[in-house]
Amino acid sequence: MEVKHLKQRAKTQAKEAVLQAKEYGQQIKDTAKYMHRKKLCLETVPTSDCHVLLTFPMKTDAATLVWLEDILRKSLPDVSINKQLLTHTKMTGWYLAGSFESLMKGAEAVGISKAVKEEYGGGLLEFSRSEKSLFEGIDDEESFFPTQERQAILYYLLQNIRAPRTESLGKIKLLEGQPVVSRLMSRGVIKSLLPLHDKEALKKLKKSWIHTLIARQPFDDIAEYFGIKVSLYFAYLGHYTKWLIFPALVGIFVTFYSSNETVQDWSFIFFTIFNIIWASLFLETWKRRSAELAFHWGTLDVKHELLEDPRPMYRGIPRISPVSNRLEPYYPAWKRHLFRYFVTTPVILLCMLSTFLIAFGIFELQEFVNDQIREGAYPRLVAYIPKFILAIITILSEHLYKKIAIWLNDQENYRLQSTYENHLIAKLIFVQFINHFMAVMYVAFYLQDFRRLKATIATLFITKHVIGNVTETVIPYFKEKLKVYRLAFKVANEEVRDARGKQESGDGEVTPGSTGEDKEGSTEVTEGGLDQEGSESSKKLALSQAEVESKMQPYDDTFNDYLELFIQFGYVTLFSSAFPLAAFWALVNNVIEIRTDAFKLCTSKQRPFGKHVQNIGSWQYAMEVIGMLGVTVNCALLGISGQLQDVFPQYTAIGIFLIVALLEHVIIALKLVISIAIPDTPYWVQAETAKLEFKRRQALKKLEQEERGSIQRSDTSPTETEETAEENQETDQHE
C-alpha cells in the first residue's frame, strides 16, 4: 500500500509540475506578446520641462531628502523641483528645471559665448547679464539657450553648491565648504545625475550623422547637442582619418609593389622618412583646424586659471580666496608632492615591472612553442597563441592601469578640473605607453628579430581594434537593450498576472475573445482582457524616458577615445616602418570608428553634459611627444634592420651609425622648421578676431554716446519746459 501511495503521490506531483511549467510558459508567451504589441521596449513617454534629473534609491532616508531639498531651494531659488516616483526602477526622481533668470546667471559664471547683434559688432562674446541687450535672440527665452547649454549651466550650479557648515547626515559627514551633490553621489545617496535626451533633436542628428557613411560630419549640430568637447573629438578623429590616407597608400605600395630587394630597401628608407614628416604635418595642420573651430564656436579665449572655480571633488580646509573673495577649500601643495613622490611614483614603477615580467614570460612561452613546432610536436598555427595571449593581457591591463591612474590622481587632489585632467592624461599616457609598447620595444631592440616584430605588431594592433570595437559598441548596445527589455518584460508581466488573477477570480469581465481554461488547465489572457483597463493601464505600463535613461551607462568623457587614438598613433608613427600596413588598418578602423562612436553616443549611453573647451588639451602635447619619439625609434630601426647596410655596403658599422645620427638630426631640424613655418592660428582667424574686436569697440562707443546724449536730454528737458511756459505767459500778458 505504501509503495502504491508513493507512486500515486509522485504521479500527482509530476502532473502538477507539468501544469505549472505549462502555465509559466503560457505566462511568458502572453507577457512577450503583450509587451511587443504595446511596444514597451521601443517607445517611452518623453519627459518635458526637465533640464537635469536626480535619482535616489527608494531606501534613501526621508530626512536626508528633506535636508537636500532645503539646500537646493536656498542655493538655487529660481530652479524648480518636480518630484516623481519611478515605480518601475524603484527610484525617486527629481526633475530640475531652471528659470531664464537662473540660466542667465549660470551662463555668465560658466562663460558661455553667445552671438552678438550685428549693430554691436557681431561675432561671439561671453554672455553677461549687464550687457544682455547686445546678444542676438535674447528676447526669445525658449530658444536663447539650447537644451545642451541649459543642462550644462544647471550642472555647474548644482556642482557648486557647498555645505554652509559642518553637518552629519546619518553616517555621512559633510564638512563646511564641501560640495554637496558630489559628496552624496560618492556615498550612494544620489544614484545618478544626468541630462535627458531631446528625442526630436536626437532623431535629426542620427539621420545626418549615423545613417550616412561617407557624408561630412555635422560638427555644429554635434556641438549644439553634445557640447564642444565631444564635437572637437570627432573633428580630430575626422581630420586624423583623412590624413591617414597618405601613409596608407604609401604603405600599400611599399608592401606589395617592391619588385626586388634593392627597391624594397630604398622603399623602407623612404617610407620611414615620409612617415616622420607626415606626422609633423598632420599635427601642425590640426592646430590650425583646432583654432578655426575654436574661433567658430567662440572658445578661442579661455579664463585665467586663478579665475576658475575649484572642481567639485577638490577637498581641503575652507578659507577665503584672495582672488574671488569667496570661501573655497585649500589643500597644501606639500601634501600633494609627498603623495606623488612616495606613492604615485612607486606604484607606476611597479606597473612597469609587472608589464615587463608578463611580456618576458610570454616571450619565453613563445620560444618554447617555436621549439616544439620545429620538432614537429605542434602545428604552425599554435605559434600565434602566445601572441594572442599577449594581446588579450595588454587589453585587460589597460583597464586595470586606468583605474589605478584615476585613483592616484584623485588622491593627489588637484584644485582645477583642467589641472586634474592634464595630470590624469600624463599618468594614462605613461602607463599605457609602457603597457602597449614595452613588448614591441623588447622584440625590436633586444631580440632584433624583425620577422617576429612584424608579427607581434600586427597581432597586437589588429586584435586591439577588433576587440575594442566589439567591447565599446556591440556589447554595450546589446546590454542596454537587454536592460530595457527586462524592465519592459517585468512591467508587462505584472499586468498580465493582474489580468489573469481577475479572470480566474471572476472579478473582472472576461472578453468574448478570452478562452478561459484550456484543456491543460492553464489560463490564457487575451489581448482584449488586457486592453480593458483603458487609459489608466496605458499610463501604468508606460516606461518613462527618465526610467530608461537612468538605467543606461554614463559616457566617460573623451578620455578612452583619445587614449585609443594615442595608442593607434603610436603604432602608426613609431613602428609603421616595420609594419607599413599599420596606417591602412588604422584608416579602415577609423572610418568605422567615426560611425560606431556616434552610434554608441546616441543609443547606448546617457547624454553627457556639454563642456566648452578651447582645444584637445594635453592630448596635443602627447601626440607631439610621440611624433618626436618616432624620429629616434624609426632611425634606430633603420640602423639595426640591416637595410642601410644593404644600400651602403661600403660603410662600416661606425659609418652606418653616423649616417643614422645625421639623418636623425636632419629630420628633427626639418620638424622644427615645419612647426615654425606653419603658424598655429591661421591669419584669417587672427584678422577676423581683430576685425570683430574693432567693430565691437566702435559699436560700444556709439552706444555710450547715445546713452550720454539721452542723459543730457533728460537733464535739460525740465528747464526747456519751464522756459517755454514763461514765454507763453509773457505773450498772453502782452496781448
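Please read all numbers here as calculations on a predicted model, not as lab measurements.

Peer 1: Is there a simple way to explain the packing of helix H10 (residues 261-297) against helix H18 (residues 559-574) in this structure?
Peer 2: Packed helix pairs are specified by the crossing angle of their axes together with the interaxial distance, meaning the distance between the axes. The geometry of H10 relative to H18 is characterised by a closest axis approach of 9 Å and an angle of 140° between their N-to-C directions. Together, Asn 275, Trp 278, Ala 279, Phe 282 and Leu 283 of H10 and Phe 569, Val 572 and Thr 573 of H18 make up the contact between the two elements. Among the residues forming the contact of H10 with H18, the class breakdown is six nonpolar, two polar and no charged.

Peer 1: What am I meant to see in the side chain of Ser 290 here?
Peer 2: Tracing the sequence through the fold places Ser 290 in helix H10. The contacts of Ser 290, once residues within four sequence positions are left out, are Gln 614 and Asn 615.

Peer 1: How should I be thinking about the pairing of strand E2 (residues 79-86) in this particular structure?
Peer 2: Where a strand is regular, its side chains alternate between the two sheet faces. Relative to strand E3 (residues 91-98), E2 runs antiparallel, the two being bridged by eight bridges. Of the residues in E3, the one forming a bridge with Gln 84 is Gly 93. Taken together, E2 and the strand that follows it, E3, pair antiparallel across an intervening segment of four residues, in which Lys 90 is found at a positive phi of about 55°.

Peer 1: Help me understand the side chain of Lys 387 in this model?
Peer 2: With respect to the helices, strands and loops of the structure, Lys 387 is situated in helix H12 (residues 385-412). No salt bridge is formed by the buried Lys 387; its nearest oppositely charged neighbour, Asp 449, is found at 8.9 Å. Residues within four places of Lys 387 in sequence aside, it is in contact with Gln 366, Ala 455, Thr 456 and Thr 459.

Peer 1: Before we go on, may I ask you to explain unusual backbone geometry in this structure?
Peer 2: Trans peptide bonds make up the majority, and among non-glycine residues the majority have a negative phi. Of note, Gln 448 is a non-glycine position whose phi angle comes to about 55°, a positive value. Structurally, the position occupied by Gln 448 is in the loop between helix H13 (417-447) and helix H14 (450-505). Even without being a glycine, Asp 557 presents a positive backbone phi close to 55°. You can call Asp 557 buried: its relative accessible area is 17%.

Peer 1: Would you take a moment to explain the pattern of salt bridges for this structure?
Peer 2: Between side chains of opposite charge, a pair can form as their charged atoms come close. The full count for this structure, using the stated rule, is 21 salt bridges. Here Lys 83 ties to Glu 69 by a salt bridge, and the two come within 2.9 Å at their closest N and O atoms. Highlighted residues: Lys 83 in strand E2 and Glu 69 in helix H2 (residues 62-75), separated in sequence by 14 residues. Residue Lys 83 is classed as partly exposed on the basis of its relative accessible area of 43%. What makes Glu 69 buried here is its relative accessible area of 16%. In this structure, Lys 600 engages Asp 561 in a salt bridge whose closest nitrogen and oxygen atoms are separated by 3.5 Å. With Lys 600 in helix H19 (residues 582-603) and Asp 561 in helix H18, this residue pair connects regions lying 39 residues apart in the sequence. Across this residue pair, the class does not change: Lys 600 and Asp 561 are buried. One network of salt bridges, in which partners are shared, links Lys 229, Glu 421, Asp 557 and Lys 611.

Each value, and the rule that gives it
- Residues numbered from 1 in each chain as written.
- Predicted model: local features only at pLDDT ≥ 70, side-chain atom pairs only at ≥ 80, totals over all residues.
- Heavy atoms only, no water.
- Axes fitted to C-alpha atoms, helices over the stretch in contact; angles between N-to-C directions.
- Helix = DSSP H or I, 4+ residues; strand = E, 2+ residues; numbered from the N terminus.
- Contact = heavy atoms within 4.5 Å.
- Nonpolar A, V, L, I, M, F, W, Y, C, P; charged D, E, K, R; others polar.
- Pairing = 2+ DSSP bridges.
- Buried < 20%, exposed > 50% of the residue type's maximum accessible area, 1.4 Å probe, protein only.
- Lys, Arg positive; Asp, Glu negative; His and termini not counted.
- Salt bridge = Lys/Arg side-chain N within 4 Å of Asp/Glu carboxyl O.

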